[in-house]
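# Close look at the chain arrangement
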Amino acid sequence: MKIEVWSDFVCPFCYIGKRRLEIALEQFPYKDQVEVEFKSFELDPNAEVYSGKSIHEVLAGKYRMSIEEAKNANNNVGSQAASTGLKYDFDNMKPTNTFDAHRLTKYAKTVGKDKELTEQLLHAYFTEGKLISDPDTLVEIGKSVGLEEEALRQVLADSTSFANDVRIDEALASQIGVTGVPFFVINQKYSVSGAQPTETFKRVLEQVWQEDHPAPKFQDLSGTDAEGAICTDEGCEIPKK
């Protein structure tokens, strides 16, 4: 089973949805046969690197609400995050452009470290209040998952490096009608939109697995009794006493 996940590193529900899926997978008996791949999606491709505004100010301006209303909304999201074991520090979050973070994740995929880097980028933004568009910060996050500093700096220094990989993901998202994240595609046949409850993910995993691995039409109750020996076109079994 393959699950493709479109998400952005500054999307609070993407981190929550990721963790809920992971919790569901931990309880799934065939988890070792499930491949999860993260796809790039920018909520705001034109976002500034960092304006100095808090996430509360950005939210208030975007949705025309007061700072207090924005804080209340963020607190509600924080409570949902906490229910999955995540800690969000909204007061120290630094809203920023995520294109370089996505490019770096595409590089990490070439050396099998994309999942680890995705987790650490989300943690850095939502929990540690790090500026995930800053090259030095990105290098440190990359090094924390075992990536080489020189390679990281080379990717970040060339704005075209792995840029096409990010754009391909975003173009595919547009083709299949993804307008919000997180967005999950299972076996290129089923989709789940949003940070659904863990129980929903468990149900989806079980349903898709059963459809791909139907049970035999008959349940064999024959047992191992020698009296049940049979003949085939290759001959007959001779019971051993």
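Below you will find a few notes about this structure. In this text, all values refer to a predicted model and were calculated from it rather than measured experimentally.

## Considering the pairing of strand β2 (residues 35-40)
Looking along a regular strand, one sees side chains alternate from face to face of the sheet. By the criterion of burial, β2 is predominantly enclosed, with five of the six residues buried. Handedness of the β-α-β unit built from strand β1 (residues 2-7), helix α1 (residues 12-26) and β2 comes out right-handed.

## With respect to unusual backbone geometry
With omega at 5 degrees, the peptide bond leading from Val 181 into Pro 182 counts as cis. Take Pro 182: it is sitting in the loop between α8 (163-175) and β3 (183-186). Of note, the phi angle at Phe 162 is positive, near 65 degrees, even though the residue is not glycine. Structurally, the position occupied by Phe 162 is in the loop between α7 (149-157) and α8.

## Things to note about the packing of aromatic side chains
Inspection of the entire model under this criterion finds ten aromatic pairs. When the ring of Phe 28 is compared with that of Trp 209, the centres are 6.0 Å apart and the planes differ by 80 degrees; the resulting orientation is edge-to-face. Of the two residues, Phe 28 is situated in the loop between α1 and β2 and Trp 209 in helix α9 (residues 198-212); the sequence distance between them amounts to 181 residues. Each of the two residues, Phe 28 as well as Trp 209, counts as buried. The class for Trp 209 is buried, based on a relative accessible area of 9%.

Here is what the cut-offs are and how they apply
- Residues numbered from 1 in each chain as written.
- Predicted model: local features only at pLDDT ≥ 70, side-chain atom pairs only at ≥ 80, totals over all residues.
- Heavy atoms only, no water.
- Buried < 20%, exposed > 50% of the residue type's maximum accessible area, 1.4 Å probe, protein only.
- Helix = DSSP H or I, 4+ residues; strand = E, 2+ residues; numbered from the N terminus.
- Right-handed = clockwise from strand over helix to strand, strands pointing away.
- Phe/Tyr/Trp six-rings, centres within 6.5 Å; stacked < 30°, edge-to-face > 60°.

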